[in-house]
Amino acid sequence: MTLIVHAGAEHIDYDGLRQLDTPDPTSTHVPVPHHAVVDMAKFALGFYGHDLVEEHHAVTPDGLRYFGVLTLKSSYGTYTDMVGLRNSHDKRFPIGIAFGSQV
């Protein structure tokens, strides 16, 4: 997975995500830690019976923007289901989630 690494982001593992600083909230913006976005997605997917088989994470060098891909085992054939995640602490874009498949 190239994620956004081609544009200057860097691969990071889940433990590295947990160690990143999250900016303090302001009166108009409450940043959500990147690892919390991953945790919420994994919890919801697991709750509904999806099996996580692979995960990839990347952050920009300043740690303010996160991009991730979760690969799920499909119960409907030989393809895999994919979940894309994004988050930013600099208000560049909102938390995002996308679903698709990889043949």
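So, how was this worked out
- Residues numbered from 1 in each chain as written.
- Predicted model: local features only at pLDDT ≥ 70, side-chain atom pairs only at ≥ 80, totals over all residues.
- Heavy atoms only, no water.
- Helix = DSSP H or I, 4+ residues; strand = E, 2+ residues; numbered from the N terminus.
- Expected span 1.5 Å × (residues − 1).
- Buried < 20%, exposed > 50% of the residue type's maximum accessible area, 1.4 Å probe, protein only.
- Contact = heavy atoms within 4.5 Å.
- Pairing = 2+ DSSP bridges.
- Axes fitted to C-alpha atoms, helices over the stretch in contact; angles between N-to-C directions.

Caption draft 1: Fine view of helix 2 (residues 34-47). Between its terminal C-alpha atoms helix 2 stretches 20 Å, which fits the 20 Å expected from 14 residues at 1.5 Å a residue. Residues of helix 2 that are buried: H34, H35, A36, V37, V38, A41 and L45. Next to the buried residues of helix 2 lie helix 1 (14-19), strand 2 (51-59), strand 3 (65-73), strand 4 (80-88) and strand 5 (96-102). With its phi angle positive at about 85°, G49 sits one or two positions after the end of helix 2.

Caption draft 2: Here's a closer look at the sheet that holds strand 4. The strand order across the open sheet built from 5 strands is 1-2-3-4-5, with neighbouring strands paired in antiparallel fashion. What marks the edges here is a single partner per strand, and that holds for strand 1 (10-12) and strand 5. The average undirected angle you get between the axes of adjacent strands in this sheet is 25°. Sheet topology places strand 4 next to strand 5; 7 bridges connect them, and they run antiparallel. Across the sheet, the residue bridging to R86 is G96, located in strand 5. The strands touched by helix 2 are strand 2, strand 3, strand 4 and strand 5; relative to strand 3, the strand with the most contacts, the crossing angle is about 20°.

Any functional reading would require information beyond the geometric quantities listed.
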